[in-house]
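Coordinate inspection notes
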Amino acid sequence: MIFAPSALPYLQPWPRPLLRHLLSEFWPNGCAASWRRLSTKGHAPQSVIGQDWAQVLGQSYPRDDFTNVTPKILEKVGRNLHNQSHHPLWLIKERIKAHFYSSYIGRSGNPLFSVHDNLSPVVTTEQNFDSLLIPPGHPSRKRGDNYYLNRTTMLRAHTSAHQTDLVRSGLDAFLLAGDVYRRDEIDASHYPVFHQMEGVRLFSNRQLFSRVQNGGELSLFELGGRRSPEKQETHTLEAVKLVEFDLKRTLTQLVSYLFGADLEIRWVDCYFPFTHPSFEMEVRFQGDWMEVLGCGVMEQELLNSAGAGDKLGWAFGLGLERLAMVLYSIPDIRLFWSQDERFLKQFRVQDIHQPVCFQTLSKYPPLHNDISFWLPNGKESEAGRESFTENDFYELVRSIGGDLVEKVSLVDNFTHPK
């Protein structure tokens, strides 16, 4: 396989013994069978990883054959950029909070939606997958796509990992923000740590139908119903249509608030394991359609397991980096992690609603490298480790070059006929 990373000029070539050692660490089943080529252009407790354990935010977790979190990733845990005052991600989060606080008021006069933005990113696999009805064999569980501390504990891949716990605590309307972790490719729009914000709202029978004529005769649920593209088997069509209308109206108002009035919006049907029906919202921005969030009517099984089986609800999730990159004209996702004062001072504004247009910082000229190597033969070892994935190599590059590496791309691969 040939990967070519492009890096800044002072990223020196690796000594061959070091490269050989690192390759053996990442791919211990090192018999050669295929060849690939890559090309590249273009304040919390310390988290550390030891031989037998990983310590994250002051807690220790035993390592096992599933452990694949790296020191470079653990350095990001606890940074909480979304809570760093006047960071661009903080600005976006605060703008969304301000909109919900001002637009949705409860009976007591307080904001209807509570906000949770400081929950630990360390979760169980049950929280991250099972609680969201993601089946055991689902591709999203793959070790190659997630950061595992061990077989039962991981860095959350989405903020939805906390959804069931918050519903179980009795909350009917909440916003949730945090850092999430996924093994991913290396380029200007992908980073293994990014930030999400999501919202959930639940309705009782009375709440949903209170403004409907003869609403007392209507119900959230029906017996003997059938699942269709429009609804789940336990829901009445009337209830689903009202929840869907409320969801789309809420999100339309949100993005209009963020992007400005007269925004062109369209809804695309899609699939998520934890909602049905499910939608993606796209907005027309600077002449192109851009997907900004996913949403849907929550699966009733999820609510039943969280002790809210008498209610029906909606949920949405969006990426804070995606919004900030568009609204503030930030060209590279790695800039969010910069501690360069020239970057940070551009977002110290008096008013969170004040427009900001990022001014590009000077860059070093690029340096292009081609790297070729043999891979294991693809068979799993007795320990059950997965065979090589491209994300394995991306992690190796990050462990050496960090954010100096601007992009890694696969340009060629070859399998020996024998």
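So, here is what we can say about the structure in this document. Treat the numbers as computed from the prediction; the structure is a model and nothing was measured.

**Details of helix α3 (residues 88–103)**
The end-to-end C-alpha distance of α3 is 23 Å, a good match for the 22 Å that 16 residues give at a rise of 1.5 Å each. Of all 16 residues making up α3, 12 are buried, and the element is well covered by its neighbours. Three or more residues of α3 are buried, namely P88, L89, W90, L91, I92, K93, E94, R95, I96, K97, H99 and F100.

**Some remarks on the packing of α3 against helix α7 (residues 237–259)**
When two helices pack together, their arrangement is captured by the angle between the axes and the distance separating the axes. The geometry of α3 relative to α7 is characterised by a closest axis approach of 10 Å and an angle of 130° between their N-to-C directions. Regarding the angle of α3 to α7, the classification is oblique. By crossing handedness, the relation of α3 to α7 is classed as right-handed. Each of R95, I96, A98, H99 and F100 in α3 lies in contact with α7, whose residues at this interface are T250, Q253, L254, Y257 and L258. For the contact of α3 with α7, the residue count by class is 6 nonpolar, 3 polar and 1 charged.

**Quick word on the side chain of D179**
Its place among the elements puts D179 in strand β10 (residues 173–181). Given the relative accessible area of 1%, D179 is considered buried. A polar atom in the side chain of D179 sits 2.5 Å from the side chain of Y181.

**Looking at the sheet that holds strand β8 (residues 148–150)**
Across the sheet, which stays open at both edges, the 3 strands sit in the order β7-β9-β8 with antiparallel pairing between neighbours. Of all strands in the sheet, those bounded by a partner on one side alone are β7 (122–124) and β8. Averaged over neighbouring strand pairs, the angle between their axes works out to 30° when direction is ignored. As paired elements, β8 and strand β9 (residues 153–155) share 2 bridges and run antiparallel to each other. Bridge pairing links Y148 to M154 in β9.

**Focus: the state of the cysteines**
Summed over the entire model, instances satisfying the criterion amount to 0 disulfides. Free cysteine C270: the closest other cysteine sulfur is in C295, separated by 7.3 Å.

**Quick word on the pattern of salt bridges**
Per the stated rule, a full pass over the model turns up 21 salt bridges. R266 is paired through a salt bridge with E282; the nearest N and O atoms lie 2.6 Å apart. Residue R266 is located in strand β12 (residues 265–272), and its partner E282 is located in strand β13 (residues 275–285); the two are separated by 16 residues in the primary sequence. The class of R266 is partly exposed, set by a relative accessible area of 36%. Taking relative accessible area as the criterion, E282 reaches 14% and is therefore assigned buried. Of the charged contacts, one joins D340 and R342 as a salt bridge, the two residues approaching to 2.7 Å between their closest N and O atoms. For D340, a relative accessible area of 26% translates into the label partly exposed. The class for R342 is partly exposed, based on a relative accessible area of 40%.

Quick notes on the rules
- Residues numbered from 1 in each chain as written.
- Predicted model: local features only at pLDDT ≥ 70, side-chain atom pairs only at ≥ 80, totals over all residues.
- Heavy atoms only, no water.
- Helix = DSSP H or I, 4+ residues; strand = E, 2+ residues; numbered from the N terminus.
- Expected span 1.5 Å × (residues − 1).
- Buried < 20%, exposed > 50% of the residue type's maximum accessible area, 1.4 Å probe, protein only.
- Axes fitted to C-alpha atoms, helices over the stretch in contact; angles between N-to-C directions.
- Parallel < 35°, antiparallel > 145°, perpendicular 65-115°, else oblique.
- Left-handed = near helix turned anticlockwise from the far one by under 90°.
- Contact = heavy atoms within 4.5 Å.
- Nonpolar A, V, L, I, M, F, W, Y, C, P; charged D, E, K, R; others polar.
- Polar contact = N/O pair within 3.5 Å; in protein donor to acceptor, adjacent residues only side chain to side chain.
- Pairing = 2+ DSSP bridges.
- Disulfide = S-S within 2.5 Å.
- Salt bridge = Lys/Arg side-chain N within 4 Å of Asp/Glu carboxyl O.

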